[in-house]
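# Geometric and topological summary
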Amino acid sequence: MPRSIDFNHPALVGRELEYVAQSIVAGQISGDGSFTKKCHAYLEQTLGVQKALLTTSCTHALEMMAILLDIQPGDEVIIPDFTFVSTVNAFVLRGARPVFVDIRPDTLNLDETKLAQAITPRTKAIVPVHYAGVGCEMDAILEIATQRGIPVVEDNAHGLFGKYKGRYLGTFGVMAAQSFHETKNFSCGEGGALLINDEKYIERAEIIREKGTNRSRFFRGQVDKYTWVDIGSSYLPSDVLAAFLFGQLEMREKIQTHRRRVWETYWAGLQAWAQANGVRLPLVPAHTEQAWHMFYLLLPDLETRQRFIRHLRERGIYAVFHYLPLHLSEMGRKFGGKPGDCPVTEAVSDRLVRLPFYNDLTGDDQQFVIQAVQEFAC
Ligand SMILES: *Cc1c(COP(=O)(O)O)cnc(C)c1O
């Protein structure tokens, strides 16, 4: 049979199935059961955040942030132009107007030198995304935000356990959103978490996550009735999913060690080829520790990128590109986006490709990918 290497592949890395069975036998498979609490404690203790709340997705954690920041119609929110749709949609759902800022050509993160000029009296949030799990320039971003009194919330979908200047990503903003989608380092299929670093958001976050009720306080015995107290939705995942996720989180060392090896093997195997072909490999500044989320290549142009993807596909290898510039999307244009607004994003979006990268990618398969890449001439 010819070899086929997917872009992503879900893997069991530890005791996920045992924990799923335990959660069912224990008799609570709705939200906030014992495995959800284990995940909360793990994230709070490991990262040192005040509160971690599992959510049904990173998208939903972002939606909760927008509600907690009290985003109103007409408010502006600053978002990097190069990110997943959910980063912006969560705020637009509340009526916000997105202001897209271009990215740095090196890390592909929000360009902090373009931040100040994007701020207006209506700016209500700044949402850095730690692309590929490499930290944004948080010192500069926080300095500008603090001067203007604007909250920073992080989309840390790629960056769990990555660090900027020795400090965990997801602990810089007043809140951060994590993803446990199938394609992320740690997964339960579909899932996420809201991390809270400012105490003032905790109680309302629990309410919003529980359909706008004070159910969490009721279960802690802090109120004697549980009732409707605010807007909200159903943002808590089943404990079955939390059980699966906990089986992955507790294998953090194993997962991250494997992913580091995959990343470093691509790096070592492709450096000479990249130099000879005018291809740029990922750039990780010395003051950051990346989360080993992905390995991307920047090819010379769109035509070469498309030819490269076809070349790999003919060999059974599925490489993908992502993030069309948000300002040029159908929705982005409704907010006034036009060609030339974010030139770095526009160029990168045409040239970027991601290589297969997952928790049970074997050394053999990876060598097959590296060889196939080396056979390609730009
Ligand atoms: C994956 C991803 C999301 C959305 O995560 P879900 O858990 O699928 O909702 C949001 N932002 C970024 C940057 C992502 O990569």
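Since the structure is predicted, the reported quantities are computational estimates derived from the model, not experimental observations.

## Concerning the domain arrangement of the protein chain
In terms of domains, the protein chain is made up of domain 1 (16-249) and domain 2 (252-319 + 355-374). Facing the 28 residues of domain 1 at the interface are 18 residues of domain 2. Together, the buried faces of domain 1 and domain 2 total about 1,900 Å²; carbon and sulfur atoms form 54% of this surface. Taken together, the links from domain 1 to domain 2 amount to 14 residue pairs in polar contact (both at pLDDT 80 or more). Of all the elements in the fold, those that place two or more residues in the side of domain 1 that touches domain 2 are helix 2 (34-47), strand 6 (163-164) and helix 8 (239-249). A breakdown of the residues in the side of domain 1 that touches domain 2 according to their chemical character gives 12 nonpolar, 11 polar and five charged.

## Describing the packing of helix 9 (residues 252-277) against helix 13 (residues 363-374)
Two elements in contact, helix 9 and helix 13, have axes whose closest approach is 10 Å; the angle formed by their N-to-C orientations is 20 degrees. In terms of orientation, helix 9 lies roughly parallel with respect to helix 13. Here the hand of the crossing between helix 9 and helix 13 comes out right-handed. For the pair formed by helix 9 and helix 13, the contact residues are Val262, Thr265, Tyr266, Gly269, Leu270 and Trp273 on the first element and Gln366, Gln367, Val369, Ile370, Val373 and Gln374 on the second. Residues that form the contact of helix 9 with helix 13 fall into these classes: seven nonpolar, five polar and no charged.

## Structural notes on the sheet that holds strand 10 (residues 288-289)
With antiparallel pairing, the three strands of this open sheet are ordered in space as 7-6-10. Looking at strand neighbours, the two that pair on one side only are strand 7 (167-168) and strand 10, the edges of this open sheet. Here strand 6 pairs with strand 10 via two bridges, running antiparallel. Bridged to Lys163 within strand 10 is Glu289.

What counts and how
Residues numbered from 1 in each chain as written. Predicted model: local features only at pLDDT ≥ 70, side-chain atom pairs only at ≥ 80, totals over all residues. Heavy atoms only, no water. Domains from an automatic or database assignment. Contact = heavy atoms within 4.5 Å. Buried area = accessible area lost by both parts, 1.4 Å probe. Polar contact = N/O pair within 3.5 Å; in protein donor to acceptor, adjacent residues only side chain to side chain. Helix = DSSP H or I, 4+ residues; strand = E, 2+ residues; numbered from the N terminus. Nonpolar A, V, L, I, M, F, W, Y, C, P; charged D, E, K, R; others polar. Axes fitted to C-alpha atoms, helices over the stretch in contact; angles between N-to-C directions. Parallel < 35°, antiparallel > 145°, perpendicular 65-115°, else oblique. Left-handed = near helix turned anticlockwise from the far one by under 90°. Pairing = 2+ DSSP bridges.

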